[in-house]
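Here's the letter readout for the chains.
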Amino acid sequence: MASGGVLEIGQEEAAAAAASESRRQDAALLARLRRGEPDAFELLVRTHQDRLYDFCVRMVGDREEAHDLVQEIFVSVHQNVRRFREDSKLSTWLFRITRNHCINRLKYLKRRGRGRSEVFDEAAALRSEGGGTAPGPDAALESARERARVQWAISQLEPDARMLVALRDIEGLSYDEIIDITELPEGTVKSRLHRAREKLADLLGRLEP
C-alpha cells in the first residue's frame, strides 16, 4: 500500500476516534445537565459561549446585541435541554437555537428601523470589531481594518446568506451540520452559499482603494 494511503487511513481513524470521543463527552454532559447539576451548565457555557457569541456578532453586527443574545440563548438552552432528542451533535443543536434567536432579533431590529448601513464607515466598523480603541502596530491595525471590512460586507447580505457564510466560512462547520442547523436541502445550502460568496466578493471589491 502506498504511504499516502496509509496516511489517509490513519487520518480517517483519528477523525473517527475524535468524533466518537466528542459524542461520548456530549452524552456525559447531557446526562449531568438533565440531572440539574449546576457545574454541568457552567461547563456548557464555558465550552460554547465564545463560538456562539462570534456567530451572533456576525449575524447582528453589534457586540452589545450579541452579548444580550448569548445570555438569552443559554436561558433557552437551560429551559429546553431535557427536550433535546440527541438527533444531532450538541453543538449543532446549540447553533440551531442560536440561529433562531438571531433571526428573531434581526426581525425586531428591522421593525425598530435599525437595518443595514449602505455606506462603509471604517471608524464605526472598527469600533464594532473592537479594534481602533488603542494604538498598536501597523500590522495589527490593518488586520482590524480587514476584519471590519469583512464584517461590514457580511452585514450587507440577507440574513440567510449571512448565516451560511458565518457557519461555513467562519465557523468551519460541515455541510451536514449546516443542513441540520438550517433544515435546508444540501443543494439549496450549496447554491445559496455560492451566491452569498459572490455577493461578498463584490462588496469587498468595492472597498478596495
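Definitions and limits used
- Residues numbered from 1 in each chain as written.
- Predicted model: local features only at pLDDT ≥ 70, side-chain atom pairs only at ≥ 80, totals over all residues.
- Heavy atoms only, no water.
- Helix = DSSP H or I, 4+ residues; strand = E, 2+ residues; numbered from the N terminus.
- Buried < 20%, exposed > 50% of the residue type's maximum accessible area, 1.4 Å probe, protein only.
- Contact = heavy atoms within 4.5 Å.
- Areas by Shrake-Rupley, 256 points an atom, 1.4 Å probe, with all protein chains shown as cover.
- Salt bridge = Lys/Arg side-chain N within 4 Å of Asp/Glu carboxyl O.
- Polar contact = N/O pair within 3.5 Å; in protein donor to acceptor, adjacent residues only side chain to side chain.
- Disulfide = S-S within 2.5 Å.
- Axes fitted to C-alpha atoms, helices over the stretch in contact; angles between N-to-C directions.
- Left-handed = near helix turned anticlockwise from the far one by under 90°.
- Phe/Tyr/Trp six-rings, centres within 6.5 Å; stacked < 30°, edge-to-face > 60°.
- Expected span 1.5 Å × (residues − 1).
- pLDDT = per-residue confidence, 0-100.

A. Local environment of the overall build of the protein. Secondary structure assignment for the protein yields 9 helices and 0 strands. Put simply, the protein runs from its N terminus to its C terminus through helices and strands in the order α-α-α-α-α-α-α-α-α. Within the protein, buried positions represent 35% of all 209 residues. Put simply, of all contacts in the protein between residues at least 6 apart along the chain, 66% involve residues at least 24 apart. With the model as given, the accessible surface of the protein reaches about 12500 Å², and the carbon-plus-sulfur share is 50%.

B. Structural context of the pattern of salt bridges. Overall, the coordinates contain 14 salt bridges when judged by the stated rule. Of the charged contacts, one joins R105 and E72 as a salt bridge, the two residues approaching to 2.6 Å between their closest N and O atoms. Remark: E72 occurs in helix α3 (residues 63-80) and R105 occurs in helix α4 (residues 90-111); sequence separation between them is 33 residues. A relative accessible area of 35% places E72 in the partly exposed class.

C. Local environment of the environment of E37. Tracing the backbone shows E37 in the loop between α1 (3-34) and α2 (38-60). Taking the relative accessible area as the measure of exposure, E37 reaches 25% and is therefore partly exposed. In terms of polar contacts, E37 uses its side chain to reach the side chain of R32, at 3.0 Å.

D. A look at the state of the cysteines. Evaluation of the coordinates by the stated rule reveals 0 disulfides. C56 takes part in no disulfide bond, and the closest cysteine sulfur, belonging to C102, lies 3.7 Å away.

E. Region of interest: the packing of α2 against α4. Relative orientation of the contacting elements α2 and α4 amounts to 35 degrees, with a least axis distance of 10 Å. Of the two possible hands of crossing, α2 and α4 adopt the one that is right-handed. Note on element contacts: α4 touches α2 through L90, S91, L94, F95, T98, R99, C102, I103, R105 and L106, opposite L44, H48, R51, L52, F55, C56, M59 and V60.

F. View of the packing of aromatic side chains. Tallied over the full model, the rule gives 3 aromatic pairs. Aromatic pair F41 and F74: ring centres 6.3 Å apart, planes at 90 degrees, arrangement edge-to-face. Taken together, the residues span a long stretch of sequence, with F41 in helix α2 and F74 in helix α3 at a distance of 33 residues. Each member of the pair, F41 together with F74, is buried. Ring centres of F84 and W93 lie 4.7 Å apart, and the angle between their planes is 20 degrees; this geometry places the pair in the stacked category.

G. Main features of the environment of A161. Tracing the sequence through the fold places A161 in helix α7 (residues 159-170). For A161, a relative accessible area of 18% gives the class buried. In this structure the C-alpha to C-alpha distance between A161 and R197, which are 36 residues apart in sequence, comes to 8.6 Å.

H. Focus on α4. Relative to the 32 Å expected for 22 residues at 1.5 Å per residue, α4 spans 32 Å between its end C-alpha atoms, a close match to the ideal helical length. Downstream of α4 by a residue or two, G113 has a phi angle that is positive, lying close to 80 degrees.

I. Broad picture of the confidence of the model for the protein. Summing up the model confidence of the protein, the mean pLDDT is 84 and the portion of residues at 70 or higher is 77%. The lowest-confidence element of the protein is helix α5 (residues 122-129), averaging 50 in pLDDT; the highest-confidence one is α3, averaging 95. Below a pLDDT of 50 lies the segment residues 131-135, which in the model reaches 2 contacts outside its immediate sequence neighbourhood of four places, other chains included.

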